[in-house]
Amino acid sequence: MTTTTEPRAVTGAVGASRTRLEGWDKVTGAARYASEIPFAELTHGWLVLSTIARGRIRSVESAPVLAMPGVLAVLHHGNAPRVSGDYTGPLGSPDPILQVFQHDRVPHVGWPVALVVAETPEQAREAAETLIVRYDEEPHDVAFSAGRPGMYTPENSPMSAAETAKGDLEAELAASAVVVDAEYTTPEEHHSPLEPHAAMARWDSGRLEVVDSNQGSRFVADELAKLFSLDPDSVRVRSEHVGGGFGAKATRPHVVLAAMAATVLHRPVRVVLTRRQMFSVVGYRSPTAQRIRLGADPDGRLRAFDHQAESLTSTVHEFIERSADFGRPMYDAEAHHTVNRVVQLDVPTPSWMRAPGEAPGSFALESALDELAEKCAMDPITLRARNEPEVGPVSGLPFSSRRMLACFEEGARRFGWADRDPRPGTRREGRWLLGTGTAAATFPSGVAPSTAAVTAEADGTFTVRITAADIGTGARTALALVAADALEVAPERIHMKIADSDFGPAMIAGGSMGTRSWAWAITAAVSELREQLALGGGIPPQGITARSDTGEAVMALAKKERHTFGAQFAEVAVDIASGEVRVRRMLGIFAAGRIVNPLTARSQFIGGMTWGLSMALHEEAVRDQASGGHVGADLAGYHFAAHADVPPIEADWVDDPDPDDPVGIKGIGEVGIVGAAAAIANAVWHATGVRHRHLPIRPDRVLAAATAPGGDRDA
């Protein structure tokens, strides 16, 4: 079987805007999500979470609850089936929160302590809210701050090195004519997908069947098999439609609990998380404290580059928000140092959230670059152009392609950057001060081994099967276009089947690697199918199927720095009397390789930029130091950008070919948020002359900065 991709004449499917294949089903309600699909004899589980931040469970008083109408079971650490945690997955050891009800320890507020299962959701909820759990409480610590005791540099960092260094940093800083030394912070942030987490589990003909809302059905199936010590072939997970994920919808406790309860009751069990529960058990973005030190010659050329990033993790599982990773492919200097440090606190474990590391890291570094440009009396774009690296500053590897400056050139032209007066606080429109800002964006373009199957049907159509996940990105449609181009047929002849673990291993929808990985597997399967069809003999009633596995081809890919790049632009209006900040327009120009479907690609970019606006001005989860829990763990207390907050946003791209790449596709799902908050913060400085180094830029911070003494104030 071949896993190479041969050049084919294209049909025009790839590169042409197409509406989503499932669009009609979604707008008419025909598309059913994990919490909506009916099953015979379905029961309902309601999760009970701890109310203390640290301690032990003394007792679970389940007897009164079991006597309530419709209640079938109360699972907890004293009676739950045993699961295994002794395994290593693709991302390392599992988060212990998946090993639910295995002990009486409580490591944070919101730790799962019981599951009530009843005939109806209403009965389950009433019983769960009635259940009394008693604890032996212990002192807790949830306070995060820069440089606090217990901060450490991780030794075993599976995704990337925790620390990189070259050159004599202190010597180069001392020799620099211009120095920026500033601290930046970002708060705790949450994914908040529109569709809550939901999973149904049942045993069917000896197999554990799960219908879930996830970002990778095979990933979840493999993890369930390991947790329950099952043969991988005896677990099937499906996730046909997903209403948003953003990194939150991997294997989560509700899936494990549904499987547990189905095993105990011998009936299907569905568990749906509430919005408040999602704030505790599905991950979030850690708050960060970042120190940036930049040293440069008078012409803006960097001599010293230092990015130190700190974040928090739980006491039971290590997760690092890799904010310092952002600058590693971006800017070079004689002395270059980056480090990610972390501290363990009595809080839930953070997790992947759209552009993990790059989103908060770009805010700090791209704000600091703007400060350096001001000190050097240089245009911010000129400063970035002066520090464009020839090869990866840390890796030393060549770039597969790097069209960062092309993004800035096109963006500056369309945004009208040349007409900008660089002096801050000079533009006024009535009560509003106006300003513009810019920032760079990047995100790695990775790929992972995947499998796919393509069947030539007797009726002249083709069926593609791959364990891809469409979490609202339009992946289902993009992959149909890739298959149509590879087969040289009209897209209408392609039938896409995705999100079923039975289709075989494939990359999850994450890390901006999904479409790239899946497209490679599909084109490889098509290449094999074309060879079979070339042999002739006609197509039998059951069709002819070819399968691919890109594992060897992915491993043979030349070692290069592969990234999507972009340039962000923003214009803001600031009312210093009320503290209100309004973003008036945004523009993002990206170099993202081969754009499969311009319609959905532009939607992804705009969605990311909208989130960047929300990050800059609104989003902030506040943790109560006394209880260890959140203040306002819902969408009333956790603010994000509403329609009225979002201005006209334009997103476009420049050509970004890579003739050595067998796919040519780069990820676009995450780069849209990168740099957006920095562009807005830089625009606020340009409007007011005040630097805001702490997100979000709330009205009270604007007012405090406006009345504070001094010039360049740290708001």
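Because the structure is a prediction, the values reported are computed rather than measured.

Q: For the overall build of the chain, give the residues involved together with the corresponding values.
A: Regarding its fold elements, the chain presents 16 helices and 26 strands. Here the C-alpha atoms of the chain give a radius of gyration of 26 Å, agreeing with the 27 Å that 2.2 N^0.38 yields for 715 residues. Judged by the C-alpha coordinates and their principal axes, the chain covers about 75 × 75 × 50 Å. Relative to its full complement of 715 residues, the chain shows a buried share of 61%. About 26600 Å² of surface is accessible on the chain, with carbon and sulfur atoms providing 52% of the total. With 69 positive and 90 negative side-chain charges, the chain shows a separation of 2 Å between the mean positions of the two kinds.

Q: Mind laying out empty space enclosed by the protein, listing which residues take part and the relevant values?
A: For the structure shown, the criterion picks out four cavities of 30 Å³ or more. In this structure, the largest cavity occupies an estimated 70 Å³ of space. S400, S445, R516, R562, G593, D656, P657, D658, D661, G664, I665 and K666 together form the lining of the largest cavity. The residue makeup of the lining of the largest cavity, split by class, is two nonpolar, four polar and six charged.

Q: With reference to specific residues and values, describe the environment of V583.
A: With respect to the helices, strands and loops of the structure, V583 is situated in strand β23 (residues 580–591). Each C-alpha atom, one on V583 and one on S450, is 41 Å from the other, the two residues being 133 residues apart in sequence. Once residues within four sequence positions are removed from consideration, V583 is found in contact with E571, V572, L613, L617, P647 and I680.

Q: Got a sec to walk through the sheet that holds strand β12 (residues 269–272)? Specific residues and values, please.
A: On the basis of which strands lie adjacent, the open sheet formed by seven strands has the order β3-β5-β1-β12-β9-β10-β11 and mixed pairing. Strands with a single pairing partner mark the edges of an open sheet, and in this sheet they are β3 (71–75) and β11 (235–238). Taking the axes of each pair of neighbouring strands and ignoring which way they run, one obtains an average angle of 20° across the sheet. Bridge count for strand β1 (residues 43–49) against β12 is three bridges, and the pairing is parallel. When the bridges of β12 are listed, T43 appears paired with V269.

Q: Go over the sheet that holds strand β17 (residues 432–444), please, and point to the residues and values.
A: Reading across the sheet, the five strands line up as β16-β17-β22-β23-β26 and stay open at both edges, with mixed pairing between neighbours. This sheet does not close on itself; its edge strands, each paired only once, are β16 (427–429) and β26 (649–653). On average, each strand axis in the sheet is inclined to that of its neighbour by 25°, with strand direction left out of account. Where β16 meets β17, three bridges bridge the pair, whose relative direction is antiparallel. Within β17, the position partnered with R427 by the bridge is L434. Along the sheet face, helix α10 (residues 404–415) touches β17, β22 (563–575), β23 and β26 and points at about 30° away from the line of β22.

Q: Run through the packing of helix α11 (residues 475–487) against helix α12 (residues 514–534), naming residues and quoting values.
A: When two helices pack together, you describe them by how their axes are tilted relative to each other and by the distance separating the axes. Direction vectors running N to C along α11 and α12 enclose 30°, while the axes themselves pass 9 Å from each other. Considered as vectors, α11 and α12 are oriented roughly parallel to each other. Read as a crossing pair, α11 and α12 show a hand that is right-handed. Contact with α11, carried on its side by A475, L479, V482, A483, A486 and L487, involves T515, W518, A519, I522, T523, V526, L529 and R530 of α12 and no other residues of that element. Split into classes, the residues belonging to the contact of α11 with α12 amount to eleven nonpolar, two polar and one charged.

Q: Quick rundown of the layout of surface pockets? Include the residues and the values.
A: Considered as a void within the structure, the second largest pocket measures approximately 520 Å³ in volume. As for the second largest pocket, its lining consists of 24 residues, of which L49, S50, T51, R276 and Q277 are closest to the centre. Among the elements of the structure, β1, α3 (121–130), β6 (132–137) and α7 (275–281) are those that each provide at least two residues to the lining of the second largest pocket. Taken together, the residues that form the lining of the second largest pocket break down as eleven nonpolar, nine polar and four charged.

Q: Explain the packing of aromatic side chains residue by residue, including any values.
A: Applying the stated rule across the entire model yields ten aromatic pairs. An aromatic cluster is built from F408, F415, W417 and F569, whose rings are joined through pairwise contacts. A cation over an aromatic ring shows up here: R402 above the ring of F399, its NZ or CZ 4.8 Å from the ring centre. Between R585 and the ring centre of F415, over which it is positioned, the NZ or CZ distance is 3.8 Å.

Quick notes on the rules
Residues numbered from 1 in each chain as written. Predicted model: local features only at pLDDT ≥ 70, side-chain atom pairs only at ≥ 80, totals over all residues. Heavy atoms only, no water. Helix = DSSP H or I, 4+ residues; strand = E, 2+ residues; numbered from the N terminus. Rg over C-alpha atoms; globule rule 2.2 N^0.38 Å. Buried < 20%, exposed > 50% of the residue type's maximum accessible area, 1.4 Å probe, protein only. Areas by Shrake-Rupley, 256 points an atom, 1.4 Å probe, with all protein chains shown as cover. Lys, Arg positive; Asp, Glu negative; His and termini not counted. Charge placed at Lys NZ, Arg CZ, Asp CG, Glu CD. 1 Å grid on protein atoms, 1.4 Å probe; cavity = no way out; pocket = protein on both sides within 12 Å on 5 of 7 lines; lining within 4 Å. Points joined across faces, edges and corners; volume = space filled by probe spheres on them. Nonpolar A, V, L, I, M, F, W, Y, C, P; charged D, E, K, R; others polar. Contact = heavy atoms within 4.5 Å. Pairing = 2+ DSSP bridges. Axes fitted to C-alpha atoms, helices over the stretch in contact; angles between N-to-C directions. Parallel < 35°, antiparallel > 145°, perpendicular 65-115°, else oblique. Left-handed = near helix turned anticlockwise from the far one by under 90°. Phe/Tyr/Trp six-rings, centres within 6.5 Å; stacked < 30°, edge-to-face > 60°. Lys NZ or Arg CZ within 6 Å of the ring centre and 35° of its normal.

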